[in-house]
Amino acid sequence: MAIENPLPEGTTAEVELLSTVHNLKVDYFETITGTRHVSDHFKTLLEEIKTNTQFIPTTVCYHDGRSVEKTYWTAHHLDRLDVFDYENSEYGRKAVIAASVQQPPRKIVKVVSRIGLHEEQIGEHEFFMLDYINIFKPIISKDFYEVCRKHKLNLNVTGVGNISI
């Protein structure tokens, strides 16, 4: 269940990885419950671009109880932007869902094969989720994606302009 509000100061989290994960060397990962986790290095870069994300200290361990090699934070309450381009994207139930944008209640896009965005509406947002779209990966701006690549971060996110599902 998604918790939309900021969590109280002092909140911590614990994650036990699946038994199939033996070596966690990523700077971003999601759990099967949909929580998003970032490494200390990625968190530092995210704080520099001033996202509205709340970072919760998180203890991450392997299934056998060993601690992982990096320090991780739960990235809570990412910005959600309504910038999905319903006309230039490919998704299931297109006619019904596109009509609901103008005639609420708004329907959620659940099956997406190609994402188009209204990039002009993204503004200064560098790291965000899509509102009304059922995808779990966050999207990052082209510029921030390049910053992350220069810092050699190992990410599983979607860059604006590089979207494929």
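Data block above holds the structure.
Heads up: these notes are all about the structure in this document.

About the criteria used
Residues numbered from 1 in each chain as written. Predicted model: local features only at pLDDT ≥ 70, side-chain atom pairs only at ≥ 80, totals over all residues. Heavy atoms only, no water. Salt bridge = Lys/Arg side-chain N within 4 Å of Asp/Glu carboxyl O. Helix = DSSP H or I, 4+ residues; strand = E, 2+ residues; numbered from the N terminus. Buried < 20%, exposed > 50% of the residue type's maximum accessible area, 1.4 Å probe, protein only. Arc of directions from axis to C-beta. Contact = heavy atoms within 4.5 Å.

## Points about the pattern of salt bridges
- Scanning all chains against the criterion turns up eight salt bridges.
- For Arg-80, the salt bridge identified is with Asp-131, shortest N-O distance 3.5 Å. Taken as a pair, Arg-80 in strand S6 (residues 80-81) and Asp-131 in the loop between strand S9 (127-130) and strand S10 (139-140) lie far apart in primary sequence, 51 residues in all.
- Of the residues examined, Arg-80 reaches a relative accessible area of 37% and is grouped as partly exposed.
- Put simply, Arg-149 and Glu-146 hold a salt bridge, and the shortest N to O gap is 3.6 Å. Within this pair, Arg-149 and its partner Glu-146 are both found in helix H3 (residues 142-150), separated by three residues, close to a single helical turn.
- A relative accessible area of 35% means that Glu-146 is categorised as partly exposed.

## With respect to helix H1 (residues 40-48)
- Of all the residues in H1, the buried ones are Phe-42, Lys-43, Leu-45 and Leu-46. Take H1 and look down its axis: the buried residues cluster within an arc of 165°, on one side only.
- Where H1 is buried, its residues contact strand S2 (28-30), strand S3 (36-39), strand S4 (54-61), strand S5 (72-76), S9 and H3.
- Within two residues after H1, Lys-50 carries a phi angle of roughly 55°, on the positive side.

## Points about the environment of Val-38
- Checked against the element boundaries, Val-38 lands in strand S3.
- Taking the C-alpha atoms as reference points, Val-38 and Val-26, separated by twelve residues in sequence, lie 8.4 Å from one another.
- Among residues more than four places away in sequence, those in contact with Val-38 are Asp-27, Tyr-28, Lys-43, Leu-46, Phe-55, Thr-71, Tyr-72, Trp-73 and Ala-75.

## What to know about unusual backbone geometry
- Cis geometry is found at the peptide bond from Pro-104 to Pro-105, where omega equals 10°.
- Relative to the elements of secondary structure, Pro-105 occurs in the loop between helix H2 (94-102) and strand S8 (112-114).
- Here Tyr-132, not a glycine, exhibits a phi torsion of approximately 70°, which is positive.
- Mapped onto the elements, Tyr-132 comes out in the loop between S9 and S10.
- One non-glycine residue, Lys-152, lies in the positive phi region at around 60°.
- Within the element layout of this structure, Lys-152 appears in the loop between H3 and strand S11 (158-159).

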